[in-house]
Amino acid sequence: MSSVNFSTKALIISLIFMIPVLILGYFFSSSQLEQIRFSEKERVGTATLREFIPLLGGVLQTRNATRASLGGFEGATPTRAAVPKPIALSRHLTTI
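Everything numeric in this text was worked out from a predicted model, so none of it was measured.

1. Some details on the overall build of the chain
Helix and strand counts for the chain stand at two helices and zero strands. Within the chain, the proportion of its 96 residues that are buried is 7%. A fraction of 43% describes how many contacts in the chain between residues 6 or more apart in sequence connect residues 24 or more apart. A total of about 8200 Å² of accessible surface is found on the chain, and carbon and sulfur atoms cover 68% of it.

2. Thoughts on a nonpolar patch on the surface
Residues I19, I23, Y26 and F27 make up a contiguous nonpolar surface patch of about 440 Å² in total accessible area. Residue position: Y26 is located in helix 1 (residues 6–70).

3. With respect to helix 1
Along its 65 residues, helix 1 runs 92 Å from first to last C-alpha, staying within 8% of the 96 Å computed at 1.5 Å per residue. When the local axis directions of helix 1 are compared, the greatest deviation, roughly 35°, occurs at F52, which is followed within four positions by the proline P54. For helix 1, the set of buried residues is L55, G58, N64, A65 and A68. The positive-phi residue at the C-terminal boundary of helix 1 is G71, with phi of around 85°.

Rules used throughout
- Residues numbered from 1 in each chain as written.
- Predicted model: local features only at pLDDT ≥ 70, side-chain atom pairs only at ≥ 80, totals over all residues.
- Heavy atoms only, no water.
- Helix = DSSP H or I, 4+ residues; strand = E, 2+ residues; numbered from the N terminus.
- Buried < 20%, exposed > 50% of the residue type's maximum accessible area, 1.4 Å probe, protein only.
- Contact = heavy atoms within 4.5 Å.
- Areas by Shrake-Rupley, 256 points an atom, 1.4 Å probe, with all protein chains shown as cover.
- Patch = residues over 30% accessible without salt bridge, like charges linked within 9 Å, V, L, I, M, F, W, Y side chains within 5 Å.
- Salt bridge = Lys/Arg side-chain N within 4 Å of Asp/Glu carboxyl O.
- Expected span 1.5 Å × (residues − 1).
- Bend = angle between axes of the 7 residues up to and from the residue.

Structure representation (structure tokens):
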């Protein structure tokens, strides 16, 4: 190694020190990419949940009206006539 000039030795040492930097860069970028993919899945889930909110409201109204008619609801007493006729399950489920 004594016959190799200084610039070649410096280049070899620099390349050896670049290996851990490249490995860390790879793991960092793959981690960030995984977080981006997870965020995209969260956005899809949020949009899907937004479609189910009216359905959930209709189910709760029906449940409360049933409980009120059976005498087990202590809040306001909704009647079954106040609940929308069908809860339109098919309308909400087909838009997903």
